[in-house]
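Architecture and fold: a report
In case you want the letters, here they are:
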Amino acid sequence: MLHHKAFKFRIYPTQEQSVLMRKTLGCSRFVFNHFLAKWNQTYQTTGKGLSYNSCAVGLPAMKREWPWLKEVDSIALQSAVRNLADGFQRFFKKQNDLPRFKSRKHPVQSYTTRYTAGNLAVEGDHVKLPKLGWVRYAKSREIEGRIQSATIRLAVSGKWFVSLVCEADIQHLPVTDHTLGIDVGIKLLAVPSEGIAMDNPRYTLQYERLLAKWQRVMARRTYGGSNWHRAKQKVAQIHEKIRNSRIDVMHKQTTKWIRENQTICIEDLRITNMMKNSHLAKHIADASWGEMSRQLHYKAKWYGRTIKEAPAFAPSSQTCHVCGNKHAEVKNLSIRMWTCPVCFTVHDRDRNAAQNIKSMAL
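About the cut-offs
- Residues numbered from 1 in each chain as written.
- Predicted model: local features only at pLDDT ≥ 70, side-chain atom pairs only at ≥ 80, totals over all residues.
- Heavy atoms only, no water.
- Helix = DSSP H or I, 4+ residues; strand = E, 2+ residues; numbered from the N terminus.
- Buried < 20%, exposed > 50% of the residue type's maximum accessible area, 1.4 Å probe, protein only.
- Contact = heavy atoms within 4.5 Å.
- Areas by Shrake-Rupley, 256 points an atom, 1.4 Å probe, with all protein chains shown as cover.
- Lys, Arg positive; Asp, Glu negative; His and termini not counted.
- Charge placed at Lys NZ, Arg CZ, Asp CG, Glu CD.
- Patch = residues over 30% accessible without salt bridge, like charges linked within 9 Å, V, L, I, M, F, W, Y side chains within 5 Å.
- Salt bridge = Lys/Arg side-chain N within 4 Å of Asp/Glu carboxyl O.
- Expected span 1.5 Å × (residues − 1).
- Arc of directions from axis to C-beta.
- Pairing = 2+ DSSP bridges.
- Phe/Tyr/Trp six-rings, centres within 6.5 Å; stacked < 30°, edge-to-face > 60°.
- Lys NZ or Arg CZ within 6 Å of the ring centre and 35° of its normal.
- Axes fitted to C-alpha atoms, helices over the stretch in contact; angles between N-to-C directions.
- Disulfide = S-S within 2.5 Å.

Right, let's get into the overall build of the protein chain. Summing up its helical and strand segments, the protein chain has 11 helices and 14 strands in all. Projected onto the principal axes, the alpha-carbon positions of the protein chain cover approximately 80 × 55 × 55 Å. The buried share of the protein chain, reckoned over its 362 residues, is 40%. The contacts of the protein chain with a sequence gap of at least 6 include a subset with a gap of at least 24, amounting to 66%. A total of about 20,700 Å² of accessible surface is found on the protein chain, and carbon and sulfur atoms cover 51% of it. The average position of the 58 basic charges and that of the 28 acidic charges among the side chains of the protein chain differ by 8 Å.

Looking now at a positive patch on the surface. A contiguous patch of positive charge on the surface is contributed by Lys213, Arg216, Arg220, Arg221 and Arg230. Sorting elements by how many residues they give to the positive patch places helix α6 (residues 208-220) first, with three residues. Relative to the helices and strands, lysine 213 resides in helix α6.

The next subject is a nonpolar patch on the surface. Where nonpolar side chains cluster on the molecular surface, the patch consists of Tyr43, Phe91, Phe92 and Leu98 and spans about 390 Å² of accessible area. Locating leucine 98 in the fold gives a position in the loop between α4 (74-92) and β2 (109-114). Since its relative accessible area comes to 40%, leucine 98 is described here as partly exposed.

Given a rise of 1.5 Å per residue, 15 residues ought to cover 21 Å, and the 21 Å separating the end C-alpha atoms of helix α10 (residues 289-303) matches this to within 8%. All of the buried residues along α10 are Trp289, Glu291, Met292, Gln295, Leu296, Lys299, Ala300 and Trp302. For α10, the angular spread of buried residues about the axis comes to 160°, placing them on one side.

Moving on, we get to the side chain of aspartate 73. In this structure, aspartate 73 sits in the loop between α3 (59-65) and α4. This buried residue, aspartate 73, is left without a salt bridge; lysine 131 holds the nearest opposite charge, at 7.0 Å. The contacts of aspartate 73, once residues within four sequence positions are left out, are Thr113, Pro130 and Lys131.

With that settled, the discussion passes to the sheet that holds strand β9 (residues 188-192). Within the open sheet, the five strands sit side by side as β10-β9-β8-β11-β12. Their pairing is mixed. Every interior strand has two partners, whereas the edge strands, β10 (198-199) and β12 (306-310), have only one. The sheet contact formed by strand β11 (residues 263-267) and β12 spans five bridges and is parallel. Considered in β12, the bridge of isoleucine 264 is made with isoleucine 307.

Let us look at the packing of aromatic side chains. Each aromatic ring pair is summarised here by two numbers: the centre-to-centre distance and the angle between the ring planes. The full count for this structure, using the stated rule, is nine aromatic pairs. Here the aromatic cluster, defined as three or more aromatic residues joined through ring pairs, consists of Trp39, Phe88, Phe91 and Phe92. Positioned above the aromatic ring of phenylalanine 32 is the side chain of lysine 102, whose terminal nitrogen or guanidinium carbon lies 4.5 Å from the ring centre.

Glancing now at the pattern of salt bridges. Applying the stated criterion to the full structure yields 12 salt bridges. Here glutamate 208 makes a salt bridge to lysine 282, at a shortest N to O gap of 2.1 Å. With a gap of 74 residues between them, glutamate 208 in helix α6 and lysine 282 in helix α9 (residues 281-287) connect regions that are remote in the sequence. Glutamate 208 sits in the partly exposed class, given a relative accessible area of 32%. Residues lysine 256 and glutamate 260 are paired through a salt bridge, measuring 3.2 Å at the closest nitrogen-oxygen approach. Note that lysine 256 and glutamate 260 are positioned in helix α7 (residues 226-260) at a spacing of four residues, about one turn of the helix. Taking the relative accessible area as the measure of exposure, lysine 256 reaches 41% and is therefore partly exposed.

Its identity as a non-glycine residue notwithstanding, alanine 117 has a phi of 55°, on the positive side. Even without being glycine, arginine 202 reaches a positive phi, approximately 50°. Assignment of secondary structure puts arginine 202 in the loop between β10 and α5 (203-206).

A word on the sheet that holds strand β7 (residues 160-169). With antiparallel pairing, seven strands are arranged side by side in an open sheet as β2-β6-β7-β1-β5-β4-β3. Each of the sheet's edge strands pairs with one partner strand only, and the pair in question is β2 and β3 (121-123). The average undirected angle you get between the axes of adjacent strands in this sheet is 35°.

The subject of this paragraph is the state of the cysteines. Scanning all chains against the criterion turns up zero disulfides. Sulfur of cysteine 55: no disulfide; nearest cysteine sulfur belongs to cysteine 27 and is 17 Å away. Accessibility expressed as a relative area gives 1% for cysteine 55, which makes it buried.

Everything listed here is a matter of geometry and, on its own, says nothing about what the molecule does.
Dropping the structure here:
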(Lines give C-alpha, C1' and ligand atoms only; values in the text may rest on other atoms or scores of the structure.)
Protein backbone atom coordinates (compact mmCIF):
# COMPACT_ATOMS: atom_id res chain seq x y z
CA MET A 1 0.00 0.00 0.00
CA LEU A 2 1.04 3.59 -0.60
CA HIS A 3 1.91 5.57 2.52
CA HIS A 4 3.59 8.87 3.21
CA LYS A 5 7.06 8.27 4.65
CA ALA A 6 9.46 10.98 5.78
CA PHE A 7 13.24 10.84 5.52
CA LYS A 8 15.15 13.31 7.65
CA PHE A 9 18.76 14.22 6.88
CA ARG A 10 21.23 16.82 8.01
CA ILE A 11 22.33 19.12 5.19
CA TYR A 12 25.55 21.11 4.80
CA PRO A 13 24.77 24.24 2.76
CA THR A 14 27.37 26.67 1.49
CA GLN A 15 27.47 30.22 2.84
CA GLU A 16 25.40 31.53 -0.09
CA GLN A 17 22.84 28.75 0.29
CA SER A 18 22.60 29.35 4.04
CA VAL A 19 21.92 33.06 3.48
CA LEU A 20 19.20 32.28 0.93
CA MET A 21 17.56 29.76 3.26
CA ARG A 22 17.50 32.32 6.06
CA LYS A 23 15.89 34.79 3.65
CA THR A 24 13.25 32.18 2.78
CA LEU A 25 12.54 31.63 6.47
CA GLY A 26 12.09 35.38 6.96
CA CYS A 27 9.89 35.82 3.89
CA SER A 28 7.67 32.86 4.83
CA ARG A 29 7.27 34.29 8.31
CA PHE A 30 6.48 37.75 6.88
CA VAL A 31 3.78 36.35 4.55
CA PHE A 32 2.24 34.31 7.35
CA ASN A 33 2.07 37.30 9.72
CA HIS A 34 0.77 39.63 6.97
CA PHE A 35 -2.21 37.43 6.14
CA LEU A 36 -2.83 36.57 9.80
CA ALA A 37 -3.22 40.29 10.56
CA LYS A 38 -5.46 40.67 7.52
CA TRP A 39 -7.49 37.61 8.55
CA ASN A 40 -8.01 38.93 12.10
CA GLN A 41 -8.99 42.38 10.82
CA THR A 42 -11.53 40.91 8.38
CA TYR A 43 -13.03 38.74 11.10
CA GLN A 44 -13.44 41.71 13.46
CA THR A 45 -15.06 43.78 10.71
CA THR A 46 -17.36 41.26 9.02
CA GLY A 47 -17.56 38.36 11.47
CA LYS A 48 -16.10 36.06 8.81
CA GLY A 49 -12.53 35.07 8.10
CA LEU A 50 -10.72 34.61 4.79
CA SER A 51 -9.91 31.48 2.81
CA TYR A 52 -6.74 30.03 1.35
CA ASN A 53 -7.70 31.10 -2.18
CA SER A 54 -8.48 34.69 -1.19
CA CYS A 55 -5.05 34.95 0.45
CA ALA A 56 -3.10 33.12 -2.24
CA VAL A 57 -4.34 35.45 -5.01
CA GLY A 58 -2.88 38.34 -2.99
CA LEU A 59 0.69 37.02 -3.21
CA PRO A 60 1.48 38.62 -6.63
CA ALA A 61 0.44 42.03 -5.26
CA MET A 62 2.69 41.52 -2.26
CA LYS A 63 5.62 40.74 -4.53
CA ARG A 64 5.04 43.96 -6.44
CA GLU A 65 4.91 45.93 -3.19
CA TRP A 66 7.89 44.15 -1.64
CA PRO A 67 10.18 43.01 -4.50
CA TRP A 68 12.52 41.11 -2.17
CA LEU A 69 9.83 38.42 -1.88
CA LYS A 70 10.75 37.40 -5.45
CA GLU A 71 14.23 36.29 -4.33
CA VAL A 72 12.95 33.19 -2.52
CA ASP A 73 11.01 30.06 -3.46
CA SER A 74 7.42 31.00 -4.37
CA ILE A 75 6.07 27.60 -3.27
CA ALA A 76 7.43 28.21 0.24
CA LEU A 77 5.35 31.41 0.42
CA GLN A 78 2.24 29.55 -0.77
CA SER A 79 2.89 26.88 1.87
CA ALA A 80 2.97 29.59 4.56
CA VAL A 81 -0.52 30.69 3.46
CA ARG A 82 -1.67 27.07 3.41
CA ASN A 83 -0.38 26.55 6.97
CA LEU A 84 -2.32 29.61 8.11
CA ALA A 85 -5.55 28.36 6.52
CA ASP A 86 -5.05 24.89 8.04
CA GLY A 87 -4.44 26.48 11.43
CA PHE A 88 -7.77 28.31 11.29
CA GLN A 89 -9.58 25.16 10.15
CA ARG A 90 -8.22 23.25 13.15
CA PHE A 91 -9.17 26.18 15.42
CA PHE A 92 -12.79 26.14 14.22
CA LYS A 93 -12.86 22.36 14.79
CA LYS A 94 -11.55 23.04 18.35
CA GLN A 95 -8.40 21.04 17.69
CA ASN A 96 -5.96 23.81 18.62
CA ASP A 97 -5.74 27.44 19.72
CA LEU A 98 -6.04 30.47 17.46
CA PRO A 99 -3.01 30.89 15.13
CA ARG A 100 -0.44 33.31 16.54
CA PHE A 101 2.11 35.58 14.90
CA LYS A 102 5.45 33.92 14.17
CA SER A 103 8.62 35.33 15.73
CA ARG A 104 12.16 35.28 14.39
CA LYS A 105 13.27 34.53 17.97
CA HIS A 106 11.48 31.18 18.02
CA PRO A 107 14.09 28.43 18.57
CA VAL A 108 13.02 26.39 15.53
CA GLN A 109 12.43 27.92 12.09
CA SER A 110 11.24 26.02 9.03
CA TYR A 111 9.62 26.33 5.63
CA THR A 112 8.04 23.80 3.27
CA THR A 113 8.23 23.46 -0.48
CA ARG A 114 6.46 20.99 -2.76
CA TYR A 115 7.54 18.96 -5.75
CA THR A 116 6.82 20.47 -9.16
CA ALA A 117 8.63 20.17 -12.49
CA GLY A 118 11.63 18.33 -11.01
CA ASN A 119 12.54 20.98 -8.45
CA LEU A 120 13.19 18.26 -5.83
CA ALA A 121 15.61 15.43 -6.53
CA VAL A 122 18.30 13.29 -4.91
CA GLU A 123 21.53 12.21 -6.57
CA GLY A 124 24.38 10.60 -4.66
CA ASP A 125 25.02 12.58 -1.48
CA HIS A 126 23.35 15.76 -2.79
CA VAL A 127 19.73 16.86 -2.69
CA LYS A 128 18.26 19.38 -5.13
CA LEU A 129 16.15 22.13 -3.52
CA PRO A 130 14.31 25.05 -5.20
CA LYS A 131 16.41 28.22 -5.62
CA LEU A 132 19.31 26.52 -3.80
CA GLY A 133 20.43 23.98 -6.35
CA TRP A 134 22.34 20.94 -5.13
CA VAL A 135 23.03 20.79 -1.39
CA ARG A 136 25.24 18.18 0.24
CA TYR A 137 23.54 16.01 2.85
CA ALA A 138 24.48 13.20 5.24
CA LYS A 139 23.24 10.16 3.36
CA SER A 140 22.39 7.71 6.15
CA ARG A 141 19.85 5.65 4.19
CA GLU A 142 18.33 5.26 0.74
CA ILE A 143 15.18 7.22 -0.09
CA GLU A 144 12.14 5.15 -1.05
CA GLY A 145 9.27 6.22 -3.26
CA ARG A 146 8.37 9.45 -5.04
CA ILE A 147 9.33 12.74 -3.40
CA GLN A 148 6.31 14.96 -2.74
CA SER A 149 7.57 17.74 -0.48
CA ALA A 150 10.56 18.95 1.49
CA THR A 151 10.74 20.85 4.77
CA ILE A 152 13.93 22.74 5.52
CA ARG A 153 14.50 23.37 9.22
CA LEU A 154 17.03 25.41 11.16
CA ALA A 155 17.42 23.87 14.62
CA VAL A 156 18.31 25.90 17.68
CA SER A 157 21.66 24.06 17.70
CA GLY A 158 22.51 25.84 14.44
CA LYS A 159 22.23 22.72 12.27
CA TRP A 160 20.23 22.57 9.04
CA PHE A 161 17.94 19.62 8.31
CA VAL A 162 15.75 18.57 5.41
CA SER A 163 12.74 16.24 5.73
CA LEU A 164 11.68 14.65 2.46
CA VAL A 165 8.12 13.32 2.41
CA CYS A 166 7.80 10.49 -0.10
CA GLU A 167 4.94 8.34 -1.29
CA ALA A 168 6.31 4.85 -0.73
CA ASP A 169 4.83 1.42 -1.40
CA ILE A 170 5.10 -0.34 1.97
CA GLN A 171 4.21 -4.03 1.99
CA HIS A 172 2.52 -5.68 4.97
CA LEU A 173 4.61 -8.11 7.02
CA PRO A 174 3.70 -11.82 7.04
CA VAL A 175 0.79 -12.61 9.37
CA THR A 176 1.73 -14.14 12.73
CA ASP A 177 -0.37 -15.43 15.62
CA HIS A 178 1.67 -13.72 18.36
CA THR A 179 -0.02 -11.21 20.68
CA LEU A 180 1.90 -9.00 23.10
CA GLY A 181 0.88 -6.88 26.06
CA ILE A 182 3.16 -4.01 27.14
CA ASP A 183 3.27 -2.25 30.49
CA VAL A 184 5.32 0.95 30.54
CA GLY A 185 7.09 2.30 33.59
CA ILE A 186 9.98 4.37 34.88
CA LYS A 187 12.36 1.87 36.50
CA LEU A 188 11.91 -0.39 33.48
CA LEU A 189 10.79 1.50 30.39
CA ALA A 190 8.60 -1.32 29.07
CA VAL A 191 7.80 -4.80 30.35
CA PRO A 192 6.14 -7.11 27.78
CA SER A 193 3.86 -9.97 28.71
CA GLU A 194 6.45 -12.29 27.16
CA GLY A 195 10.13 -11.78 26.55
CA ILE A 196 12.85 -9.47 27.86
CA ALA A 197 12.00 -6.20 29.59
CA MET A 198 13.28 -2.95 28.10
CA ASP A 199 15.62 -1.01 30.37
CA ASN A 200 15.11 2.72 30.84
CA PRO A 201 18.32 4.41 29.61
CA ARG A 202 17.43 7.70 31.38
CA TYR A 203 19.38 9.89 29.00
CA THR A 204 18.32 13.08 30.80
CA LEU A 205 20.05 11.88 33.98
CA GLN A 206 23.13 10.83 32.01
CA TYR A 207 23.62 14.33 30.61
CA GLU A 208 22.18 16.23 33.58
CA ARG A 209 25.49 17.43 35.05
CA LEU A 210 26.86 18.53 31.67
CA LEU A 211 23.58 20.29 30.89
CA ALA A 212 23.56 22.08 34.24
CA LYS A 213 27.15 23.22 33.69
CA TRP A 214 26.40 24.90 30.38
CA GLN A 215 23.16 26.36 31.67
CA ARG A 216 25.16 28.04 34.46
CA VAL A 217 27.67 29.31 31.90
CA MET A 218 24.83 30.75 29.80
CA ALA A 219 23.27 32.38 32.88
CA ARG A 220 26.54 34.15 33.75
CA ARG A 221 27.06 35.61 30.30
CA THR A 222 25.52 38.82 29.00
CA TYR A 223 22.11 38.14 27.49
CA GLY A 224 22.16 38.45 23.71
CA GLY A 225 25.96 38.61 23.40
CA SER A 226 28.07 36.36 21.19
CA ASN A 227 29.35 34.32 24.15
CA TRP A 228 25.78 33.90 25.39
CA HIS A 229 24.72 32.61 21.97
CA ARG A 230 27.60 30.10 21.96
CA ALA A 231 26.55 28.79 25.36
CA LYS A 232 22.92 28.65 24.25
CA GLN A 233 23.92 26.63 21.20
CA LYS A 234 25.88 24.22 23.41
CA VAL A 235 22.83 23.73 25.66
CA ALA A 236 20.72 23.07 22.54
CA GLN A 237 23.24 20.50 21.28
CA ILE A 238 23.05 18.58 24.57
CA HIS A 239 19.24 18.57 24.43
CA GLU A 240 19.47 17.38 20.81
CA LYS A 241 21.80 14.55 21.84
CA ILE A 242 19.35 13.44 24.55
CA ARG A 243 16.39 13.55 22.15
CA ASN A 244 18.19 11.69 19.35
CA SER A 245 19.45 8.97 21.70
CA ARG A 246 15.98 8.45 23.16
CA ILE A 247 14.24 8.29 19.78
CA ASP A 248 16.86 5.88 18.39
CA VAL A 249 16.22 3.40 21.23
CA MET A 250 12.46 3.76 20.73
CA HIS A 251 12.64 3.07 17.00
CA LYS A 252 14.73 -0.07 17.42
CA GLN A 253 12.46 -1.54 20.09
CA THR A 254 9.10 -0.65 18.49
CA THR A 255 10.25 -2.04 15.13
CA LYS A 256 11.23 -5.31 16.85
CA TRP A 257 7.80 -5.59 18.50
CA ILE A 258 5.98 -4.82 15.24
CA ARG A 259 7.95 -7.45 13.32
CA GLU A 260 7.38 -10.21 15.86
CA ASN A 261 3.74 -9.69 16.86
CA GLN A 262 0.44 -9.42 15.02
CA THR A 263 -1.42 -7.64 17.83
CA ILE A 264 0.13 -5.32 20.41
CA CYS A 265 -1.84 -4.29 23.49
CA ILE A 266 -0.92 -1.09 25.30
CA GLU A 267 -2.47 1.08 28.00
CA ASP A 268 -4.38 4.25 27.11
CA LEU A 269 -2.40 6.54 29.43
CA ARG A 270 -3.42 10.08 30.39
CA ILE A 271 0.15 11.37 30.25
CA THR A 272 -0.80 15.05 30.52
CA ASN A 273 -2.52 14.41 33.84
CA MET A 274 0.34 12.22 35.06
CA MET A 275 2.80 15.03 34.37
CA LYS A 276 1.07 17.09 37.07
CA ASN A 277 2.80 14.92 39.67
CA SER A 278 5.79 17.09 40.55
CA HIS A 279 7.76 14.11 41.91
CA LEU A 280 7.52 12.03 38.73
CA ALA A 281 7.04 14.59 35.93
CA LYS A 282 10.73 14.77 35.03
CA HIS A 283 11.06 10.97 34.81
CA ILE A 284 7.80 10.59 32.88
CA ALA A 285 8.96 13.17 30.34
CA ASP A 286 12.30 11.40 29.97
CA ALA A 287 10.55 8.04 29.43
CA SER A 288 8.59 9.40 26.39
CA TRP A 289 5.69 6.96 26.59
CA GLY A 290 3.76 9.10 24.13
CA GLU A 291 6.51 8.78 21.52
CA MET A 292 6.50 5.00 21.96
CA SER A 293 2.74 4.88 21.41
CA ARG A 294 2.99 7.15 18.35
CA GLN A 295 5.62 4.94 16.72
CA LEU A 296 3.69 1.76 17.41
CA HIS A 297 0.50 3.18 15.89
CA TYR A 298 1.97 4.38 12.59
CA LYS A 299 4.21 1.33 12.14
CA ALA A 300 1.23 -0.95 12.76
CA LYS A 301 -0.68 0.90 10.04
CA TRP A 302 2.24 0.52 7.64
CA TYR A 303 2.92 -3.16 8.22
CA GLY A 304 -0.58 -4.57 8.75
CA ARG A 305 -0.46 -4.99 12.50
CA THR A 306 -3.14 -4.20 15.10
CA ILE A 307 -2.85 -1.95 18.15
CA LYS A 308 -5.39 -2.42 20.93
CA GLU A 309 -5.63 -0.23 24.02
CA ALA A 310 -6.69 -1.13 27.54
CA PRO A 311 -8.87 1.40 29.44
CA ALA A 312 -6.94 4.25 31.04
CA PHE A 313 -7.98 3.57 34.63
CA ALA A 314 -8.10 -0.24 34.54
CA PRO A 315 -6.48 -1.77 37.70
CA SER A 316 -3.86 -3.69 35.72
CA SER A 317 -1.25 -3.74 38.51
CA GLN A 318 -3.69 -4.66 41.30
CA THR A 319 -5.47 -7.55 39.56
CA CYS A 320 -4.16 -11.12 39.56
CA HIS A 321 -4.05 -12.24 35.93
CA VAL A 322 -4.49 -15.89 37.01
CA CYS A 323 -7.67 -15.75 39.12
CA GLY A 324 -8.84 -12.16 38.59
CA ASN A 325 -8.76 -11.18 42.27
CA LYS A 326 -8.14 -7.47 42.92
CA HIS A 327 -5.58 -6.70 45.63
CA ALA A 328 -5.89 -2.99 46.51
CA GLU A 329 -2.70 -2.85 48.61
CA VAL A 330 -0.57 -3.24 45.47
CA LYS A 331 -1.52 0.32 44.47
CA ASN A 332 1.58 1.48 46.37
CA LEU A 333 4.35 1.87 43.77
CA SER A 334 7.01 0.65 46.21
CA ILE A 335 5.57 -2.89 46.06
CA ARG A 336 7.34 -4.64 43.17
CA MET A 337 6.50 -8.27 44.07
CA TRP A 338 3.28 -9.53 45.65
CA THR A 339 1.43 -12.76 46.32
CA CYS A 340 -2.24 -13.19 45.44
CA PRO A 341 -4.18 -13.99 48.66
CA VAL A 342 -6.65 -16.20 46.72
CA CYS A 343 -4.59 -18.37 44.37
CA PHE A 344 -1.18 -17.71 46.06
CA THR A 345 0.51 -16.89 42.77
CA VAL A 346 3.67 -14.80 43.18
CA HIS A 347 3.57 -11.85 40.80
CA ASP A 348 6.11 -9.46 39.44
CA ARG A 349 4.21 -6.17 39.43
CA ASP A 350 5.08 -5.09 35.88
CA ARG A 351 4.84 -8.51 34.23
CA ASN A 352 1.45 -9.09 35.84
CA ALA A 353 0.28 -5.66 34.62
CA ALA A 354 1.40 -6.52 31.06
CA GLN A 355 -0.62 -9.76 31.18
CA ASN A 356 -3.70 -7.86 32.39
CA ILE A 357 -3.29 -5.13 29.74
CA LYS A 358 -3.18 -7.87 27.10
CA SER A 359 -6.40 -9.54 28.32
CA MET A 360 -8.24 -6.24 28.94
CA ALA A 361 -7.35 -4.83 25.52
CA LEU A 362 -8.40 -8.01 23.74
